[in-house]
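Now for the letters of each chain:
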Amino acid sequence: MAPAITGKYDWILAITSIAFIFSAFGNGANDVANSYATSVAAQTLTMVQVGFLSIVTEFVGAVALGARVTSTIKNGIINIDRFELPAEPGTLMLAMGCAEVGSATWLMVATRFGMPVSTTQTIVGALVGVGFATNAGIKWGWESGSVSQVAASWAIAPLIACGFSALIFGTVKYAVLERENSFEWGMRLIPWYFAFTAAVLALFIVVETPTAPSLEEFGAGKAAGIILGVFFGVLLISYVFFMPYLKRKLIKRDARMRIWHIPLGPLLLRDDPPLYFAGKADGEYVKNYYADAYGEVRAQGQELRQGNVNGDSEKQVQNVDDIQKSSPVNSQEGLPTDPAKLKALEEKMQNDPSSVPQLSKKRLQLEPYERFIGPVKDLPWTDPKKFWGYFKFGLLQGVTRDVITHDSEKLRDIHARANRYDVRVEHMWTYCQVISAIMMSIAHGSNDVANAVGPWSAVYQTYQEGRIATRSATPVWMLVVAGLLLGLGFWFYGYHIIRALGNKITQMSPTRGFATELGAAITVLLASRLGLPVSTTQCLTGSVVGTALMNYDVKAVNWAQIGFIFMGWVATLPASGLISGLLCVMALNTPHF
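Residues numbered from 1 in each chain as written. Predicted model: local features only at pLDDT ≥ 70, side-chain atom pairs only at ≥ 80, totals over all residues. Heavy atoms only, no water.

**Some details on the packing of helix H5 (residues 89–112) against helix H6 (residues 119–133)**
Then, in step 1: One can describe the packing of H5 onto H6 by two numbers: an axis separation of 8 Å at closest approach and a directional angle of 140°. On the basis of their axis angle, the class for H5 and H6 is oblique. Viewed along their axes, H5 and H6 form a crossing whose handedness is right-handed. For the pair H5 and H6, contact is made by Ala95, Met96, Cys98, Ala99, Ser103, Trp106 and Leu107 and by Thr119, Thr122, Ile123, Ala126, Leu127 and Val130, respectively.
Then, in step 2: Of the residues in the contact of H5 with H6, the class split is 10 nonpolar, 3 polar and no charged. (Axes fitted to C-alpha atoms, helices over the stretch in contact; angles between N-to-C directions. Helix = DSSP H or I, 4+ residues; strand = E, 2+ residues; numbered from the N terminus. Parallel < 35°, antiparallel > 145°, perpendicular 65-115°, else oblique. Left-handed = near helix turned anticlockwise from the far one by under 90°. Contact = heavy atoms within 4.5 Å. Nonpolar A, V, L, I, M, F, W, Y, C, P; charged D, E, K, R; others polar.)

Below is the structure:
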């Protein structure tokens, strides 16, 4: 039962709770996409797989690692002492409630228009807005949790992430991808990359878990022992279990192999291993990670690389002669045989790859409306199949959309400036990329759960205690609810942001995605360790640029898209601040009886 002094403000708690749901949902829709955007763009993971993964990883990050930053958001942006006089906790509840509403409104609007904004900037701007509205002091000076430190992290974090990702991709590029025998070098070095990625994850688990002592109390020797133990333990596991799996899949080209066969380990080296739930023997043993939703590679001057991989490396088709030799379609089914017409077709192909007749323009997967609504739209509403179709559409429309294909002459030119590598080598790094994506998502949950929970927690605890209560520990159940909402936000609404990132900035592939995600994750987790609420959007964007610039061609980056994202960053703070500030001013000055 709430004390009388705050019990009359239950309506503020109710409105703030509703706004919190939208804020956490919008946070997940806009920011969780950052964690997995490159994995989806590189076709390492599908949207459905990411949907389930994001719910788990965001939950773990929010519940296990999110408490420290939540405290910074609640206490560090505006001066809470302003609300101690005249001892009216309802004013603080109103201010934090307006901040939650302002944050939720801007996040939902920005996500709807496919604008990847900083959810951290959104809540900080909202708090600054209510700070102006209530004449509360705003911490501008260089001190812990101040606006100045938060703003500095916005500028510094993308540069640090850019450097990390460029360094990581540089090691993969020169140690493996661009060596003469790239596949052999990939097989030699991939266990070490597995071990390195796991060790980095172990490092941040050691220093981030709130229930563990500080790094100083824990001891650097113990921490180093755990990290080295994980490194060599994963290295051993990689050689015993992963390497036999990769040898059978990539060297023996066994299309039946699936990831759940990894535990078979050395048994996979036999001529006829005991495969359970095996795939089709006549399928692809490795996919083309550069193909779009039509099964085509669309890059200017590199357009017609086939979707299936049947040789030692991906088959490139660059002119009409190659098309006739490699395509199963004969001249009577589309391609002309007259030399003059062939020459004309080749010239036309350079400007418009879709003009080549034998290229199928049929999507490999239908869009949600075509897939779920189309077959039942003409059925009467009395037919259960129609309800089932609409139910599946509502439940799955967010994770069954094509967010990979971006077909335009400009993007084909940008993608053409990135080297294409052996897809067998790219496949090796899909496993590292999944680990780094999971790490990035956990980092996001730990860092950005504060953006939604901070104001709601302040309102709820003030309501319960009847006094200003922003310094008490955030209840675990709040972090649980927020963690689930972050994942659900991505499931239903995150496709807008996935589409705006990844391949729309540069050509993405598993090796590039691995470097991008790991670089961004390291940056975000370092910031979380320091209690700085950095933007995962800016970290990931900086990482994508860093990886793209390793092509040594500034035109390998879609700077127009970077500009669009940057404009969203610029608009975020004033937009959320105006919404929350105006709401707070009107509420505080509303005439009443």
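And the narrative resumes.
**Overview of the nonpolar core**
Then, in step 1: Counting residues in hydrophobic clusters, the biggest one holds 83 residues, and the most contacted among them are Met47, Ile190, Leu246, Trp429, Ile498 and Phe514.
Then, in step 2: Sorting elements by how many residues they give to this core places helix H16 (residues 423–465) first, with 10 residues.
Then, in step 3: Not counting the four nearest positions on each side in its chain, Leu246 is found in contact with Met187, Ile190, Ile251, His427 and Tyr431.
Then, in step 4: Counting residues in hydrophobic clusters, the runner-up holds 42 residues, among them Ala2, Tyr9, Ala62 and Val449. (Core = buried A, V, L, I, M, F, W, Y, C linked by side-chain atoms within 4.5 Å. Buried < 20%, exposed > 50% of the residue type's maximum accessible area, 1.4 Å probe, protein only.)

**A look at the state of the cysteines**
Then, in step 1: Per the stated rule, a full pass over the model turns up 0 disulfides.
Then, in step 2: Cys584 supplies the cysteine sulfur nearest to Cys98, a cysteine that is in no disulfide, at a spacing of 4.5 Å.
Then, in step 3: In this structure Cys98 comes out as buried when scored by relative accessible area, which is 7%. (Disulfide = S-S within 2.5 Å.)

**Details of H6**
Residue pairs three or four apart in sequence face the same way in an α-helix, which turns once every 3.6 residues.
Then, in step 1: Under the 1.5 Å per step criterion, the end-to-end length of H6 is 21 Å for 15 residues, consistent within 8% with the ideal 21 Å.
Then, in step 2: Taking burial as the measure, the 15 residues of H6 include 14 buried ones, the bulk of the element.
Then, in step 3: Among the residues of H6, the N-terminal cap falls to Ser118, whose side-chain oxygen and the backbone nitrogen of Gln121 are separated by 2.9 Å.
Then, in step 4: At the exit of H6 stands Asn135, carrying a positive phi of roughly 60°. (Expected span 1.5 Å × (residues − 1). Polar contact = N/O pair within 3.5 Å; in protein donor to acceptor, adjacent residues only side chain to side chain.)

All we've got here are geometric facts, nothing functional implied.
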